[in-house]
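Here is how the chains run, residue by residue.
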Amino acid sequence: MKRSISLDRAQAADKVFDVVIIGGGASGLGAAVDAAARGHSVALFEQADFAKGTSSRSTKLVHGGVRYLQQGNVSLVLEALRERGRLTQNTPHLVHSQSFVIPNYSWWEGPFYGIGMKVYDQLAGKLGLSPSRHLSKKETVELIPTVEQNKLVGGVVYHDGQFDDSRLAVNLAQTAEELGAAMLNYCRCVGLVKENDVVSGVQIHDTENDTKFTVRAKSVINATGVFVDDLRKMDEPQAKGIIAVSQGIHIVLPKSFLPGNAAIMIPKTADGRVLFAVPWHDHVIVGTTDTPLDSHSLEPRALEEERDFVLTHACKYLTKDPKPEDVLSIFAGLRPLVKAGDGSDTAALSRDHSIIVSGSGLITLTGGKWTTYRKMAEDVIEQAETLGGLEHKRCQTEDMQIHGWTRAAASQANLASYGSDALRIQDLIKEQPELGEKVHAQLPYQQAEVVWHAREEMARTVEDVLARRTRALLLNARASIEAAPAVAKILAKELSRDATWEAEQIKAYTELAEGYIFPID
């Protein structure tokens, strides 16, 4: 995936794209893959890096939503479970089955959750994972040896999916580019082009090169997550906001706090929230919160009360109580929740995502979650075909293999998430053995990976590499800061940057990563 190639595609003077997408998160990337797979011409523009926002800050789960089943929202769960099954088939190098244990501390919880999980299994049908079952107290402790055992009576084990969110985002961008789409990061939409009051293109600022250009389109999709109202108001200044922002945070702990392979799921904490403690990349992720916010940003920060909530509840359910100094990283993500529609718009609504069309034809896709990204994309491209006067073509993505697809196990654990590309990274090491060295002693990543990120995955900054191409920032924020100089040096060589750029990158990354360190009083 080459940025220069995508720039040439996007700036072709005589080009009118069938579909232009603003936003490079899960929904935008999925829409680009769907449209390109149907044979439409596609350009996607992301103001920062792919999955910079919410789409790299999830709980790392591909799931039907147990809590939605509790609420009786069966149709939503059914759709998500089907999509979960498709994701395990289409991206087996990134999505795998994860066992979850619901510990029971009252006699009634066993049959209550046991029946619920059997319904969950049945809804998944042929695309299901392993069946759920009751656990004795002994079996529960064997699966999660560090679970709090006081008053523990047993448990229920079920299976859902787990994945690496930003790695999937990169693979989707690669898939779309291979299908002919122009995929560009660090390109901000600064205006809409209209003809006869109908949206017919976008004005783009390439912030890396500090240049501006116009792209014409038959349909324009606003897939900017928590920023969708900003673009809607660019289209219609009087448009009412439709997004309510909710923040969720997670802390990352060493593997010793949850040494087994099973995750813990607490369906209802004291304040009614769901809590997960999930093994991930040989670490443990604990979260999440649900905090309403009045503002949104590309770099949200965990609030003190959120930090306290997660740490307190981790102590409540784990025998080994984590302290602030045990936390390797803390990260926050924002959820775009649809609160209302604009009376001047027409809307096509689903139970978990919304497609809103303005009077000028701007299509806004919002809501949803990673698990259903493919279905969201299918729905919005159907709408784009109608509004753009495009030929209606059948969706191709239900069984389409995403870039990197392989069922072969990687010979090195740190290369597993690259799928079939792992062999090409190993070839780099064979050609230059020094690239086999780690970027930091406490991180699993090799220098060859950074070279690969720059050459084939459109990484443009140290942050791109340490936050999203690898997950160093989330796994160990302090170690990632110490790794920044080594990464900057490699990137500077690959991208033909000078020493000044290198120093600026180290400084910028250090300032950003310091916000991921849990404050210690």
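The preceding data block contains the structure.
Residues numbered from 1 in each chain as written. Predicted model: local features only at pLDDT ≥ 70, side-chain atom pairs only at ≥ 80, totals over all residues. Heavy atoms only, no water.

Caption draft 1: Up close: the environment of Asp-14. Relative to the assigned elements, Asp-14 resides in the loop between helix H1 (3-10) and strand S1 (16-17). Judged by relative accessible area, Asp-14 falls into the exposed class, the value being 68%. (Helix = DSSP H or I, 4+ residues; strand = E, 2+ residues; numbered from the N terminus. Buried < 20%, exposed > 50% of the residue type's maximum accessible area, 1.4 Å probe, protein only.)

Caption draft 2: Examining the pattern of salt bridges more closely. Here the structure, examined in full by the defined rule, presents 34 salt bridges. Of the charged contacts in the structure, one is a salt bridge between Arg-374 and Glu-83, with a shortest N-O distance of 2.9 Å. Placement of the pair is Arg-374 in helix H10 (residues 373-387) and Glu-83 in helix H4 (residues 74-90), with a sequence separation of 291 residues. Comparing Arg-374 with Glu-83 shows no difference in burial state: the two are buried. Glu-494 is paired through a salt bridge with Arg-455; the nearest N and O atoms lie 2.8 Å apart. Pair noted here: Glu-494 is in helix H15 (residues 477-495) and Arg-455 is in helix H12 (residues 447-456), with a separation of 39 residues, a long-range link. Linked by salt bridges that have partners in common, Asp-49, Lys-52, Arg-57, Glu-299, Arg-301, Glu-463, Asp-464, Arg-468 and Arg-469 make up one network. (Salt bridge = Lys/Arg side-chain N within 4 Å of Asp/Glu carboxyl O.)

Caption draft 3: Molecular detail of empty space enclosed by the protein. A complete count under the given rule lists 4 cavities of 30 Å³ or more for this structure. The volume enclosed by the largest cavity comes to roughly 100 Å³. Among the secondary structure elements, those contributing two or more residues to the lining of the largest cavity are helix H2 (26-37), H4 and H10. Broken down by element, the residue count for the lining of the largest cavity peaks at 4 residues, all from H4. Here the second largest cavity is characterised by a volume of approximately 80 Å³. What lines the second largest cavity is a set of 13 residues, among which Ser-56, Arg-57, Ala-467, Leu-474 and Tyr-516 lie closest to the centre. Elements supplying a minimum of two residues to the lining of the second largest cavity: helix H13 (462-469) and helix H14 (472-475). The biggest single contributor to the lining of the second largest cavity is H13, with 3 residues. Within the lining of the second largest cavity, the residues separate by chemical class into 6 nonpolar, 1 polar and 6 charged. (1 Å grid on protein atoms, 1.4 Å probe; cavity = no way out; pocket = protein on both sides within 12 Å on 5 of 7 lines; lining within 4 Å. Points joined across faces, edges and corners; volume = space filled by probe spheres on them. Nonpolar A, V, L, I, M, F, W, Y, C, P; charged D, E, K, R; others polar.)

Caption draft 4: Seen up close, the side chain of Gln-426. Relative to the assigned elements, Gln-426 resides in helix H11 (residues 422-431). Residue contacts for Gln-426: discarding those within four places in its chain leaves Ser-411, Gln-412 and Leu-415. (Contact = heavy atoms within 4.5 Å.)

Caption draft 5: View of the side chain of Asn-222. Assignment of secondary structure puts Asn-222 in strand S12 (residues 220-222). The class of Asn-222 is buried, set by a relative accessible area of 0%. The residues contacting Asn-222, other than those within four sequence positions of it, are Ile-22, Val-228, Leu-231, Arg-232, Leu-362, Ile-363, Thr-364 and Leu-365.

Caption draft 6: Representation of helix H16 (residues 499-513) within the structure. Here H16 contains 15 residues, and its C-alpha end-to-end distance of 21 Å stays within 8% of the 21 Å for a straight helix at 1.5 Å per residue. Listed in full, the buried residues belonging to H16 are Trp-501, Gln-505, Tyr-509, Leu-512 and Ala-513. Looking down the long axis of H16, one finds its buried residues gathered within 90 degrees of arc, a one-sided arrangement. Among the exposed residues of H16, those oriented more than 90 degrees off its buried face are Ala-499 and Lys-507. (Expected span 1.5 Å × (residues − 1). Arc of directions from axis to C-beta.)

Caption draft 7: A look at the sheet that holds S1. Strand order in this open sheet of 4 strands is S1-S11-S10-S9, and the pairing throughout is mixed. Looking along the sheet, the strands with just one partner apiece sit at the ends: S1 and strand S9 (187-195). Sheet topology places S1 next to strand S11 (residues 211-217); 2 bridges connect them, and they run parallel. Across the sheet, residue Phe-17 finds its bridge partner in S11, namely Ala-217. Here H1 sits on the sheet and contacts S1, S9, strand S10 (198-206) and S11; the angle it forms with S11, its principal contact strand, is near 60 degrees. Helix-sheet contacts for helix H8 (residues 228-235) involve S9 and S10, and the interaxial angle to S9 is about 30 degrees. (Pairing = 2+ DSSP bridges. Axes fitted to C-alpha atoms, helices over the stretch in contact; angles between N-to-C directions.)

Caption draft 8: Representation of the layout of surface pockets within the structure. Considering only enclosed or pocket space, the second largest pocket measures out at about 640 Å³ in volume. Per-class residue counts for the lining of the second largest pocket are 12 nonpolar, 11 polar and 7 charged.

Caption draft 9: Region of the structure containing the packing of aromatic side chains. For the coordinates displayed, the defined rule picks out 9 aromatic pairs. A ring pair is formed by Trp-370 and Tyr-373, whose centres lie 5.7 Å apart and whose planes are at 70 degrees; its orientation type is edge-to-face. An identical accessibility class is assigned to Trp-370 and Tyr-373; each is buried. In this structure an aromatic cluster arises from ring pairing among Phe-100, Tyr-120, Tyr-158 and Phe-276. The positively charged end of Lys-60 is found above the aromatic ring belonging to Trp-280, 5.2 Å away from the centroid. Residue placement shows Arg-307 over the ring face of Phe-518; its charged tip is 5.8 Å from the ring centre. (Phe/Tyr/Trp six-rings, centres within 6.5 Å; stacked < 30°, edge-to-face > 60°. Lys NZ or Arg CZ within 6 Å of the ring centre and 35° of its normal.)

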